[in-house]
Amino acid sequence: SGSDADQYGSVDGSLSKPRSLRIWREADAKRFEGAVRQARTQTSETLAILDTLETSNSIGIAFIDSEFRVLRINPVLAAVNGGTVEEQVGKTVAEAVPDLWPVVEPAYRTVLETGVPLLDQEVSGELATEPGISHTWLTNLYPVTAKGVRTGLCVIAVDITARKQLESSQASLTSSVVGALAAAVEMRDPYTGGHQDRVAEIAVAIASELGVDPDEAKAIELAAKIHDLGKLAVPAEVLGRPGRLSSGEMALVREHARAGSDMLEHVGFPDHVRLMVLQHHERLDGSGYPDALSGDEVLLGSRIIAVADVMEAISAHRPYRAAHGIAVALKEIQEGSGTRYDPAVVRACVRLVSEGRFRHFNSG
């Protein structure tokens, strides 16, 4: 009816033009107002976060545009760069920190071009405000995107100096404990004590030849220096007895790997190092002890110590037998390569010996 058309629109079901425009405009206005409120809320929250970060004493933050110009930087990062906020805002990074720019430029350009963040990069140096005192910063670079276009970078640097100092103290304490434990073994059996030091030397050389991470190489060295710690639980007359041991005596000796692991566990020693001590007599084919592990179940560090242990034990003199020599030791690991011993570890060891790069063996 005509009254229906006036109220709801035209009789064909479509809205009348004046009413439809009004409804659309009202809907658009509401959407716009909602978007503005949301934007204001997000902006307020973001600025609050930035204000908090800018006043932090341990977090440095800066925004860099696509031309690598400093748009915003807090006092902490400005101090790291060697100046004030006022001196650096508006300048390019190359102008603000000319000595640092060649170092950071490749990373800045990579993040800006790829849009992939660069995370957890450690950077060490002195502050202009604290010359002579080294700080360590964990640096992260994030791309900044607006409407799908990368407009610059956000740089966040966290001062981890205290954490690094704590880690250094813990590492020093661990090394001291290892030294004390190794000394205890050597006091009871000088040959076993010297054996551990030589195994550690060989193991570190093999690890370096294999390109093992320095932190992992240090853990391998610590484990090698006390790998026979559990022999403190084995009667001295059994350890030094010449000739073949009885099955019972052999079983007792074979418990030294687990005994050493148990001792380290009781004093809260780093678990990774403890496991290498536990596994140093395991073999790739499962023929080792105490748990008959095989393949990748055996840690790389344990595989390295196993080869180093065999090389030193066979080639060196013992109170109950003469030294068998390097040739016999090399034959053992080569014949067991791929079965008992890790082939890559064996190849590294053979290469080091053949090229005369083992100080222990060079000295006879």
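This one's a predicted model, so the numbers in the text were calculated from it and none came from an experiment.

Quick notes on the packing of helix α15 (residues 326-335) against helix α16 (residues 343-354)
In contact at an axis separation of 10 Å, α15 and α16 are set at 155° when each is read in the N-to-C sense. Taken together, the axes of α15 and α16 lie roughly antiparallel to each other. In this structure, α15 meets α16 at a crossing whose hand is left-handed. Between α15 and α16, the residues in contact are I326, L330, I333 and Q334 and V346, C349, V350 and V353, respectively.

Let's talk about the packing of aromatic side chains
For any pair of aromatic rings, the description consists of the separation of the ring centres together with the inter-plane angle of the planes. For the structure on display, the rule yields three aromatic pairs. Centre to centre, the rings of F68 and Y108 are 6.5 Å apart; their planes meet at 35°, and the pair counts as tilted. Here F68, found in the loop between β1 (59-65) and β2 (70-73), pairs with Y108, found in helix α6 (residues 101-114); they are 40 residues apart in sequence, far enough to count as distant. Of the two residues, F68 and Y108, both sit in the buried class. Ring geometry for W101 and Y108: centres 5.9 Å apart, planes at 80°, overall edge-to-face. Of the two residues, W101 and Y108, neither departs from the other in class, the shared state being buried.

The rules we used
- Residues numbered from 1 in each chain as written.
- Predicted model: local features only at pLDDT ≥ 70, side-chain atom pairs only at ≥ 80, totals over all residues.
- Heavy atoms only, no water.
- Axes fitted to C-alpha atoms, helices over the stretch in contact; angles between N-to-C directions.
- Helix = DSSP H or I, 4+ residues; strand = E, 2+ residues; numbered from the N terminus.
- Parallel < 35°, antiparallel > 145°, perpendicular 65-115°, else oblique.
- Left-handed = near helix turned anticlockwise from the far one by under 90°.
- Contact = heavy atoms within 4.5 Å.
- Phe/Tyr/Trp six-rings, centres within 6.5 Å; stacked < 30°, edge-to-face > 60°.
- Buried < 20%, exposed > 50% of the residue type's maximum accessible area, 1.4 Å probe, protein only.

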